[in-house]
Amino acid sequence: DVRRLLMPRDDFAHKGAMGNALIIAGSYGMAGAAVLATRACLRSGVGKVTVHTPRRNYLVMQTAVPEAVMQMDHEETYFSESVDSTDFDALGIGPGLGLVENTAIALIGQIRRTSCPIVADADALNILANHQAWMQQLPSGIIMTPHPKEFDRMAGSTSNNDYERLIRAQQMAEHIKGYIILKGHHSALCMPDGHIVFNATGNSGMATAGSGDVLTGILTALLARGYDKGTACQLGMYLHGLAGDLAAKEVGKESLVASDIIQFLPKAFLKLED
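Definitions and limits used
- Residues numbered from 1 in each chain as written.
- Predicted model: local features only at pLDDT ≥ 70, side-chain atom pairs only at ≥ 80, totals over all residues.
- Heavy atoms only, no water.
- Core = buried A, V, L, I, M, F, W, Y, C linked by side-chain atoms within 4.5 Å.
- Buried < 20%, exposed > 50% of the residue type's maximum accessible area, 1.4 Å probe, protein only.
- Helix = DSSP H or I, 4+ residues; strand = E, 2+ residues; numbered from the N terminus.
- Contact = heavy atoms within 4.5 Å.
- Salt bridge = Lys/Arg side-chain N within 4 Å of Asp/Glu carboxyl O.
- Right-handed = clockwise from strand over helix to strand, strands pointing away.
- Pairing = 2+ DSSP bridges.
- Axes fitted to C-alpha atoms, helices over the stretch in contact; angles between N-to-C directions.
- Parallel < 35°, antiparallel > 145°, perpendicular 65-115°, else oblique.
- Left-handed = near helix turned anticlockwise from the far one by under 90°.

(A) Spotlight on the nonpolar core. Of all hydrophobic cores here, the largest spans 54 residues; its most connected members are Val214 and Leu235. Counting only elements with at least two residues in this core, the list comes to strand E1 (20-24), helix H1 (31-42), strand E2 (48-53), strand E7 (179-182), helix H7 (211-225), helix H8 (229-251), helix H9 (258-263) and helix H10 (265-273). Per-element accounting of this core gives the leading share, 10 residues, to H8. Aside from chain neighbours lying at most four places away, what touches Val214 is Leu36, Ala40, His240, Ala258, Ile261 and Ile262. Membership of the second largest hydrophobic core comes to 37 residues, among which are Phe79, Leu97, Ile118 and Trp134.

(B) Geometry of unusual backbone geometry. The phi dihedral of Ala122 falls on the positive side, at around 55 degrees, and the residue is not glycine. Assignment of secondary structure puts Ala122 in the loop between strand E5 (118-120) and helix H4 (123-130). Positive phi values are uncommon outside glycine, yet Lys177 reaches one of about 60 degrees. With respect to the element layout, Lys177 can be found in the loop between helix H6 (162-176) and E7.

(C) The environment of Ala133, seen in detail. Looking at the secondary structure, you find Ala133 in the loop between H4 and strand E6 (143-144). For Ala133 and Leu215, which are 82 residues apart along the polypeptide, the C-alpha to C-alpha distance reads 27 Å.

(D) Structural context of the pattern of salt bridges. Applying the stated criterion across every chain, the model contains six salt bridges. When the shortest N-O distance is used, the salt bridge between Asp121 and Lys183 registers 3.4 Å. A residue pair is termed long-range when its members are at least 10 positions apart, and Asp121 in the loop between E5 and H4 and Lys183 in the loop between E7 and strand E8 (188-190) qualify at 62 residues. We note that Asp121, like Lys183, is buried. Overlapping salt bridges, with partners in common, bring together Asp152, Asp162 and Arg165 in one network.

(E) Main features of the pairing of strand E4 (residues 90-93). Of the two faces of E4, the one lined by Ala90 and Gly92 and the one lined by Leu91 and Ile93 are each fully buried. Once the chain exits E4 it traverses helix H3 (residues 101-113) before rejoining the sheet at E5, and the crossover so formed is right-handed.

(F) View of the sheet that holds E4. Spatial ordering of the open sheet is given by E3-E2-E1-E4-E5-E6-E7-E8-E9, a layout of nine strands whose pairing is mixed. Across the chains shown, the open sheet's two edge strands, defined by having one partner strand only, are strand E3 (69-72) and strand E9 (196-198). Pairing analysis gives five bridges linking E1 to E2, with the strands arranged parallel. Its bridge partner lying in E2, Ile24 is registered against His52. Its contacts with the sheet place H7 against E1, E4, E5, E6 and E7, and it is angled at close to 170 degrees to E4.

(G) Region of the structure containing the packing of H4 against helix H5 (residues 148-155). Interhelical geometry of H4 versus H5 gives an angle of 25 degrees and a closest axis separation of 7 Å. Classified by the angle their axes make, H4 and H5 are roughly parallel. Both H4 and H5 take part in a crossing whose hand is left-handed. Contacts from Leu125, Asn126 and Ala129 of H4 reach H5 at Glu150, Arg153 and Met154.

So this is what it looks like as structure tokens:
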């Protein structure tokens, strides 16, 4: 099912034809989230990645991800204002952003002015949960990737069980006309039309900090490459889990870290391409 979703790569392609992605991530002390999302994005086939992050993250990012283009925020320690996204094919926003009020205002401003596909994760979701009225302003087709607690915050109350949470996610996806990947052992993609697709890959070793940032990067890259939103979600969560499964075979579930998922993304792509 997933193999047939893969787009062929033109032998005569150049980076300008392979998509231009923007990642807005990181605050002071959370540069790692920006690193993981950006590295995962670069490993997922996109032509070019620009990362917007606070000034104090400059040396970390430039050293850890030399392939990315740096775009520095005016503030030293947090994301403070929305940026022009006209030239980008996809936006991933949220990993490590923090919850200061200036960042919250910048986030909703960014969502409002962005016309390309958006992946919202982590603190982007927590900010929306803290400003429930903003949930009505989300563009149709937005992709959100909450883990169970993040989803409960967005929904406004704690679900009694997994089934109730799944139904609420299904209803929310229909209401906002967006895509919600409810992360878990079998992550569930809730579509705007009410359909739900369950993912078959992944393992408990991926229950580690940064795994979600990696998924954000993968999804952003696939969208920038030109995949439609539903296909990007299905392919992205499958590749994410498959890379985690391949990593677990090599390093074991106990020792698996988010960087291992990125390291095994090439093998995950190769496995699908074979």
